[in-house]
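For reference, the chains in residue letters:
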Amino acid sequence: MKESILRMIHWYRDALAAVVLLLIFAFFLSSSRHIQVMIASSVDAKFFPIVICSVGIVLCAINVALGIVRGNKLRSKESEQTAVGQASASERSAAVKSALSIVSIIVYLVLIEPLGFILASALYLFVQIMLLSERGKRHPIIYVVIAVAVSAVCYLFFRNIFYLMLPSGILPF
């Protein structure tokens, strides 16, 4: 009985993690509705928490569905699979990528003030894209262009539309 429950958790762990995250987003969405607004504006103190939580809930719901589909595939593959080493190697690779992603987020948070938003974000995006792409299909030059473009657009968007000052770091603007 215990072994079958552990197998189910193993197969559907992505869906379970998405459900937990969905519940966290739902809690924060509920909590953000009680934020007091001091200044009347179209973009007030409630706007970003509600948008982020709503988008998070939608993405988590999609991940729940995808996690169930992946769990079903894993369950059927495990019954067919005979080579145990192949599954454990892919699990180790996923664990290493997850750990490196967490490290890259921490490095990003440390570097955002001295380097500035654009450079730190571009560096973070480049590293994250390289981590998530397949080894044989990487295109670093395209990834650099995408990372710099996305960082610059985000900087301009937040600075000129929402009038938020992001760290400029070593850049003169």
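Calculation notes
- Residues numbered from 1 in each chain as written.
- Predicted model: local features only at pLDDT ≥ 70, side-chain atom pairs only at ≥ 80, totals over all residues.
- Heavy atoms only, no water.
- Patch = residues over 30% accessible without salt bridge, like charges linked within 9 Å, V, L, I, M, F, W, Y side chains within 5 Å.
- Areas by Shrake-Rupley, 256 points an atom, 1.4 Å probe, with all protein chains shown as cover.
- Salt bridge = Lys/Arg side-chain N within 4 Å of Asp/Glu carboxyl O.
- Helix = DSSP H or I, 4+ residues; strand = E, 2+ residues; numbered from the N terminus.
- Buried < 20%, exposed > 50% of the residue type's maximum accessible area, 1.4 Å probe, protein only.
- Disulfide = S-S within 2.5 Å.
- Expected span 1.5 Å × (residues − 1).
- Phe/Tyr/Trp six-rings, centres within 6.5 Å; stacked < 30°, edge-to-face > 60°.
- Arc of directions from axis to C-beta.
- Contact = heavy atoms within 4.5 Å.
- Core = buried A, V, L, I, M, F, W, Y, C linked by side-chain atoms within 4.5 Å.

Visitor: Which residues make up a nonpolar patch on the surface, and what values do they have?
Guide: A cluster of nonpolar residues, Val-51, Val-55, Val-58, Leu-59, Ile-62 and Leu-66, forms a patch on the protein surface that exposes about 490 Å² of accessible area. Within the element layout of this structure, Ile-62 appears in helix H3 (residues 47–80). Residue class for Ile-62 comes out partly exposed when judged on its relative accessible area of 44%.

Visitor: Run through the state of the cysteines, naming residues and quoting values.
Guide: Put plainly, two cysteines are in a disulfide when a covalent bond ties their sulfur atoms together. The full count for this structure, using the stated rule, is zero disulfides. The cysteine Cys-53 is free of any disulfide, with Cys-60 supplying the nearest cysteine sulfur at 10 Å. With no disulfide of its own, Cys-154 lies closest to Cys-53 among cysteine sulfurs, the gap being 19 Å.

Visitor: Provide a residue-level description of helix H5 (residues 117–132), including the pertinent values.
Guide: With 16 residues, H5 extends 22 Å between its outermost C-alpha atoms, agreeing within 8% with the 22 Å of an ideal straight helix rising 1.5 Å per residue. Taken together, the buried positions of H5 are Phe-117, Ile-118, Ala-120, Ser-121, Ala-122, Gln-128, Met-130 and Leu-131.

Visitor: An account of the packing of aromatic side chains is requested, with residue identities and associated values reported.
Guide: Taken as a whole and assessed by the stated rule, the structure comprises 10 aromatic pairs. Ring centres 5.3 Å apart and planes at 75° place the aromatic pair Phe-47 and Phe-48 in the edge-to-face group. The partly exposed category is assigned to Phe-47, whose relative accessible area is 29%. Feature note: the residues Phe-47, Phe-48, Phe-157, Phe-158 and Phe-162 constitute an aromatic cluster, connected by ring pairs.

Visitor: Report on helix H6 (residues 140–160), specifying residues and quantitative values.
Guide: Across its 21 residues, H6 extends 30 Å between first and last C-alpha, which sits within 8% of the 30 Å expected from 1.5 Å per residue. Of all the positions in H6, only Tyr-143, Ala-147, Ser-151 and Tyr-155 are classed as buried. The arc enclosing the buried residues of H6, seen along the axis, measures out at 95°, which places them on a common side. In H6, the exposed positions angled more than 90 degrees off the buried face are occupied by Ile-141, Val-145 and Val-153. The elements touched by buried residues of H6 are H5.

Visitor: How would you explain the side chain of Gln-128 if you had to name every residue and give the values?
Guide: Tracing the backbone shows Gln-128 in helix H5. Given the relative accessible area of 13%, Gln-128 is considered buried. Contacts of Gln-128, omitting those with residues within four sequence positions, involve Ser-101 and Ser-104.

Visitor: So what's going on with the pattern of salt bridges? Which residues, and what values?
Guide: Counted by the stated rule, this structure contains one salt bridge. Note that Asp-14 is salt-bridged to Arg-70, the shortest N-O span being 2.6 Å. Placement of the pair is Asp-14 in helix H2 (residues 13–32) and Arg-70 in helix H3, with a sequence separation of 56 residues. On the basis of relative accessible area, Asp-14 is assigned to the partly exposed category, the value being 36%. Residue classification places Arg-70 among the partly exposed positions, given a relative accessible area of 37%.

Visitor: So what's going on with the nonpolar core? Residues and values would help.
Guide: By size, the foremost hydrophobic cluster in this structure holds six residues: Tyr-108, Ile-112, Phe-117, Ile-118, Ala-120 and Tyr-155. The greatest single-element share of this core, amounting to three residues, is contributed by H5. Filtering out sequence-adjacent residues up to four positions away, Phe-117 remains in contact with Tyr-108, Ile-112, Ser-151, Cys-154, Tyr-155, Leu-166 and Pro-167.

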